[in-house]
Amino acid sequence: MSDNPLTTRGIIMEQGDIVVERLTGKHVMLLEHVNDEWICRFGDGRQENRRAFELAPSPFARVVELIAQAAGVLSNVFGQLQKRLAVSPPQLLQIVQRQRRLGAG
């Protein structure tokens, strides 16, 4: 058993990664590395051992990971922006409406 990432054909695979079983194309989650095999959890809940060369990185999992990272960055940006605003959003809306009335009148 190892907590360190393993490299297979130049690709790092770690516990918790979602990869593709090469033979069937099914997505599996890597649970644990024992000797030269990974214990994998399939979508239907079963667990089976697979050798590292039978697994490949999942392009779908990479896309999901990138979207999650982008969402996290956007959330942080909006959080920082809200902290830097001098007034709370409802007050800001009232100020904008007041300025529109003064400019339109």
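Definitions and limits used
Residues numbered from 1 in each chain as written. Predicted model: local features only at pLDDT ≥ 70, side-chain atom pairs only at ≥ 80, totals over all residues. Heavy atoms only, no water. Pairing = 2+ DSSP bridges. Helix = DSSP H or I, 4+ residues; strand = E, 2+ residues; numbered from the N terminus. Axes fitted to C-alpha atoms, helices over the stretch in contact; angles between N-to-C directions. Patch = residues over 30% accessible without salt bridge, like charges linked within 9 Å, V, L, I, M, F, W, Y side chains within 5 Å. Areas by Shrake-Rupley, 256 points an atom, 1.4 Å probe, with all protein chains shown as cover. Salt bridge = Lys/Arg side-chain N within 4 Å of Asp/Glu carboxyl O. pLDDT = per-residue confidence, 0-100. Core = buried A, V, L, I, M, F, W, Y, C linked by side-chain atoms within 4.5 Å. Buried < 20%, exposed > 50% of the residue type's maximum accessible area, 1.4 Å probe, protein only. Contact = heavy atoms within 4.5 Å.

Undergrad: Where do I start with the sheet that holds strand 4 (residues 27-34) in this structure?
TA: Strand pairing in a sheet is mediated by backbone hydrogen bonds. Such pairs are either parallel or antiparallel. An order of 6-5-4-3-7 is seen for the five strands of this open sheet, with the pairing classed as antiparallel. Either end of the sheet is taken by a strand with one partner, and the two such strands are strand 6 (47-51) and strand 7 (55-57). Across this sheet, the average inter-strand angle for adjacent strands is 50°, counted without regard to direction. As judged from the three bridges shared by strand 3 (residues 18-21) and strand 4, these two strands associate in the antiparallel manner. Counted as the bridge partner of Val20 is His27 from strand 4.

Undergrad: Sorry if this is basic, but what is going on with a nonpolar patch on the surface here?
TA: Residues Leu74, Phe78, Leu81, Leu85, Leu92 and Val96 make up a contiguous nonpolar surface patch of about 520 Å² in total accessible area. Elements that contribute at least two residues to the nonpolar patch include exactly helix 1 (59-84) and helix 2 (89-104). Ranked by the residues each element gives to the nonpolar patch, the list is headed by helix 1, at three residues. Of note, Phe78 is situated in helix 1.

Undergrad: Sorry if this is basic, but what is going on with the confidence of the model for the chain here?
TA: Keep in mind that low pLDDT regions are not for reading the predicted coordinates in detail. Mean pLDDT over the chain: 80, with 84% of residues reaching 70 or higher. Within the chain, strand 5 (residues 37-42) carries the highest mean pLDDT (91), whereas strand 1 (residues 6-8) carries the lowest (55).

Undergrad: How should I be thinking about the nonpolar core in this particular structure?
TA: Looking at soluble globular proteins, one finds that nonpolar side chains tend to be buried together. In this structure, Met13, Val19, Val28, Leu30, Trp38, Cys40, Phe42, Ala52 and Leu55 together form the largest nonpolar core, which totals nine residues. When residues in this core are grouped by element, the largest group, three residues, is from strand 5. Setting aside chain neighbours within four positions, we find Cys40 in contact with Val28, Met29, Leu30, Leu31, Arg46, Gln47, Glu48, Arg50 and Leu55.

Undergrad: It is not clear to me how the environment of Leu23 should be interpreted in this structure. Could you clarify?
TA: Residue position: Leu23 is located in the loop between strand 3 and strand 4. Look at Leu23 and you get exposed, because its relative accessible area is 79%. Once the C-alpha coordinates of Leu23 and Glu54 are considered, the two residues, 31 residues apart in sequence, prove to be 7.1 Å apart.

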